[in-house]
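# Observations on the model geometry
Chain by chain, the residues run as shown.
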Amino acid sequence: MGKLLIRNRKIMEKNKIDRRNFIKLGSLGATVVITWPLLNSCNGFASENKNTINPDFQADLDFELTAKETDIQLFQGNTTKVWMFEGNVLDGDKTTVQKLGKSYLGPIIRVRKGQKIRVRFKNQLPEESIVHWHGMHVPEEDDGHPKDVIANGETYVYEFEIMNRAGTYWFHPHPHGRTGPQVYNGLAGLFVVTDDEEQRLKLPSGEYDVPVVLQDRQFDNNNQLVYLNRGRMDRMNGFLGNRILINGNPDMKLSLKSGCAYRLRFLNGSNSRFYKLAWEDGTPLVIIGKDGSLLDSPKSKPYVMLGVAERIDVWLDLKNRPQGSQMIMKSLSFSPGMMGMMGGMMGRGRNNLPLGSTYEILKINIDKTGSNDFELPQRLAEFNKLDPATAVNRNNPRTFRFFMRRMQWTINGRTWEMTGVTEEETVKLNTTEVWEIVNRGGRMMGNDDMMGERGWMRNRGEMDRDRGMMGGGMQMPHPFHIHHLQFNILERDVSGVDSRIWNSVKDGFIDEGWQDTVLLMPGMSVKLIMRFEDFKGLFLYHCHNLEHEDMGMMRNFKIE
Ligand code: C2O
Ligand code: CU
Ligand code: CU
């Protein structure tokens, strides 16, 4: 830990100098854009250190993670060309990096809070890449920012301490403009953290702790992956595959034992598809965790909306399910609320799995018997939620609107800049803030007033009358994600959501616990409370619909 802080302090000093380089952009009015030189502090630092190891960093786990192109046998007949992460433990417990069987998905990495890990990321892809640890609280240079991409043949060394609490995290590439295709080609893996508190609960472990990564893909007649085959429309809406894969395997089956209790860790690892998950026979879903924490107690839900990049931990009790029986999980029908020009065509046409239709996700074959004595605890994690009274802007949240402007997905009218960050996006270390994320634009597309002095934000009444026309007639669900921290959801305001949409999803949200991703249906807004601590630096917030992210619905925020 000491080492990390020292490294971080060096960066902070560098940033102090670099801050002199800020430029005022007249066209943005009062907005100050701080632009670091291309070879900014962190890259400058990186070129000295990030391709070599720090010999003073005592890693509990030291492994290579290689991204490469390979062929795997997913179907009968032709093999499929995929991109894969391959893990190789150099030092530490070999069982912490577990390979999934017949799959393109990356390894499952299992770590414990307080451990120090070193990852030597080797890029053997034909293009630039960088790995991001989704949900993890790490310093800037370990976060996998798009500015830190490395070329084919290069290595990037991550060295960080696990500071997060027990939860289901994951990792995936984050090069700007290429995250969608890289994840789609197969690059993603689970990063599972445990801690003492979780260990005391004696939750299902080993073979009873089962990953369920949901992804949709499309394959051609030669078994090759198909991506963005409808061009611009796929980008604007997000790409949808026409079949579901579980853990990178087209089989969609899990084989579990009668007489046992399980913990299923669901990750929606799809590019843009999201799900309304339910057991087909009406058994409630018992949720014990969401993103970066266990819940305080188990919650029973008729169904759960799982947005892109969100995770839920599900308790599954097969004690009274006979051997030979089956459980099926479906995505139930809902109204995704994609209105406007392209909305009507969304996911229709040639796709036999339109977003919001009913289809099977997963078959659980209870084809063996066994026994275990895991019991569902009535109390799970203790956590002190952040207290709104401690927020510096309790009654005046920072507001980020996700909307379309001039046929571009934007956040407050802005799109991606590699190191650009505005005052609106700059926060202070050791403060707690409330952020309001709004899936709704201001006035009409192309109205430059939107950028003027935040004027559109005062005009709520007018905006709400225009609801549905926002962004030039296009609205979509957006999964909001922020790097570096976990937040609590203070409130979800659905007064702007069309009732047909809301009624079809309203029982599916889990707003407890610590989270890093939240799904916003059209017209919805959420208030989040978050704390900036331990590290200064430049981090990301964005829409986790990977096509939207690649198009620039992503921005930096800076902790200073
Ligand atoms: Cu899953 Cu920017 O992250
Ligand atoms: Cu992330
Ligand atoms: Cu989006």
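Residues numbered from 1 in each chain as written. Chains lettered and ligands numbered in written order. Predicted model: local features only at pLDDT ≥ 70, side-chain atom pairs only at ≥ 80, totals over all residues. Heavy atoms only, no water.

Among the structural elements, threonine 168 can be located in strand E10 (residues 167-173). Polar contacts involving the side chain of threonine 168 include one to the side chain of arginine 265, which spans 2.9 Å. When residues no more than four places from it in sequence are discounted, the contact partners of threonine 168 are Leu190, Phe191, Arg265, Asp291, Arg311 and Asp313. (Helix = DSSP H or I, 4+ residues; strand = E, 2+ residues; numbered from the N terminus. Polar contact = N/O pair within 3.5 Å; in protein donor to acceptor, adjacent residues only side chain to side chain. Contact = heavy atoms within 4.5 Å.)

A word on the coordination of the copper ion (ligand 2). Protein ligation of the copper ion (ligand 2) involves His132 (NE2) and His481 (NE2), the donor distances falling in the range 1.9 to 2.0 Å. Of this pair, histidine 132 sits in strand E8 (residues 131-134) while histidine 481 sits in strand E27 (residues 478-482), placing them 349 residues apart in sequence. (Donors = N, O, S within 2.8 Å, 3.2 Å for Na, K, Ca; no water.)

This brings us to the coordination of the copper ion (ligand 3). On the protein side, the copper ion (ligand 3) has His478 (ND1), Cys543 (SG) and His548 (ND1) as donor atoms, found 2.0 to 2.1 Å from it. Donor residues binding the copper ion (ligand 3) come from one chain and are separated in sequence as H-x64-C-x4-H. In this pair, histidine 478 is assigned in strand E27 and cysteine 543 in strand E31 (residues 537-543), connecting sequence segments 65 residues apart. We classify histidine 478 as buried; its relative accessible area is 1%. Among the residues examined, cysteine 543 registers a relative accessible area of 0% and is labelled buried. (Buried < 20%, exposed > 50% of the residue type's maximum accessible area, 1.4 Å probe, protein only.)

To continue, consider the confidence of the model for the chain. Detailed conclusions should not be drawn from predicted coordinates in areas where pLDDT is low. Residues at a pLDDT of 70 or more form 83% of the chain, whose mean pLDDT is 87. In the model, residues 340-349 has pLDDT below 50 throughout and makes 23 contacts with residues more than four positions away in sequence or in other chains. Below pLDDT 50 for its whole length, residues 443-472 participates in 59 contacts with residues either more than four positions away or in separate chains. (pLDDT = per-residue confidence, 0-100.)

What follows is about unusual backbone geometry. For lysine 202, which is not glycine, the phi torsion reads 50° and is therefore positive. Position of lysine 202 among the secondary structure elements: in the loop between helix H4 (196-200) and strand E12 (209-217). In this structure, histidine 484 takes a positive phi of about 80° despite not being glycine. Relative to the helices and strands, histidine 484 resides in the loop between E27 and strand E28 (488-493). Judged by relative accessible area, which is 1%, histidine 484 ranks as buried.

What follows is about the sheet that holds E10. Strands in a sheet are paired, the pairing made by backbone hydrogen bonds, and the direction either parallel or antiparallel. Pairing is mixed in the open sheet, where 5 strands are placed in the order E5-E6-E11-E10-E8. Since the sheet does not close on itself, it has two edges, and those belong to strand E5 (97-98) and E8, each with one partner. Both E5 and strand E6 (residues 108-112) contribute to a ladder of 2 bridges, which runs antiparallel. Across the sheet, the residue bridging to glutamine 98 is isoleucine 108, located in E6. (Pairing = 2+ DSSP bridges.)

Locating methionine 338 in the fold gives a position in the loop between strand E21 (325-331) and strand E22 (359-369). Classification of methionine 338 as buried rests on a relative accessible area of 10%. Considering only alpha carbons, one finds methionine 338 and methionine 476, 138 residues apart in sequence, at a separation of 5.0 Å.

Enumeration over the complete set of coordinates arrives at 26 aromatic pairs. Aromatic side chains phenylalanine 274 and phenylalanine 334 sit 5.2 Å apart centroid to centroid with 40° between the ring planes, which places their arrangement in the tilted category. Of the two residues, phenylalanine 274 is situated in the loop between strand E15 (261-268) and strand E16 (275-279) and phenylalanine 334 in the loop between E21 and E22; the sequence distance between them amounts to 60 residues. Connected via pairs of aromatic rings, a cluster forms that spans Phe400, Phe402, Trp435, Phe480, Phe487, Phe532, Phe539, Tyr541 and Phe557. In this structure, lysine 116 is placed above the aromatic ring of phenylalanine 57, and the distance from its NZ or CZ to the ring centre is 5.7 Å. (Phe/Tyr/Trp six-rings, centres within 6.5 Å; stacked < 30°, edge-to-face > 60°. Lys NZ or Arg CZ within 6 Å of the ring centre and 35° of its normal.)

We now examine the sheet that holds strand E19 (residues 304-306). An order of E14-E22-E21-E16-E19 is seen for the 5 strands of this open sheet, with the pairing classed as mixed. Only two strands of the sheet have a single partner each, and these edge strands are strand E14 (253-258) and E19. On average, each strand axis in the sheet is tilted by 30° relative to the strand beside it, whichever way the strands run. One ladder, built from 3 bridges, connects E16 with E21; its direction is antiparallel. Paired with tryptophan 279 across the two strands is methionine 329, which belongs to E21. (Axes fitted to C-alpha atoms, helices over the stretch in contact; angles between N-to-C directions.)

Looking now at the pattern of salt bridges. Evaluated as defined, the whole model comprises 41 salt bridges. Linking aspartate 142 and lysine 50 is a salt bridge whose minimum nitrogen-to-oxygen distance equals 3.0 Å. Residue aspartate 142 is located in the loop between E8 and strand E9 (155-161), and its partner lysine 50 is located in the loop between helix H2 (41-49) and strand E3 (61-72); the two are separated by 92 residues in the primary sequence. The two residues aspartate 142 and lysine 50 agree in class, both being buried. Between glutamate 417 and arginine 555 there is a salt bridge, with the nearest N and O atoms lying 2.5 Å from each other. A residue pair is termed long-range when its members are at least 10 positions apart, and glutamate 417 in the loop between strand E24 (408-411) and strand E25 (426-427) and arginine 555 in strand E32 (residues 554-559) qualify at 138 residues. A residue is classified by how much of its surface remains accessible, and glutamate 417, at 29% relative accessible area, is partly exposed. Within this structure, Arg110, Glu198, Asp209, Arg263, Arg265 and Asp313 form a network of salt bridges that share partners. (Salt bridge = Lys/Arg side-chain N within 4 Å of Asp/Glu carboxyl O.)

Our focus in this paragraph is the nonpolar core. Counting 49 residues, the largest nonpolar core has Leu264, Phe266, Leu277 and Ile364 as the members making the most contacts within it. In terms of residue count, E22 provides more of this core than any other element does, 5 residues in total. When residues are assigned to domains, this core turns out to be shared by domain 2 (206-369) and domain 3 (388-559), each giving three or more. Listed in part, the 44 residues of the second largest apolar core include Met474, Ile501, Phe539 and Met553. (Core = buried A, V, L, I, M, F, W, Y, C linked by side-chain atoms within 4.5 Å. Domains from an automatic or database assignment.)

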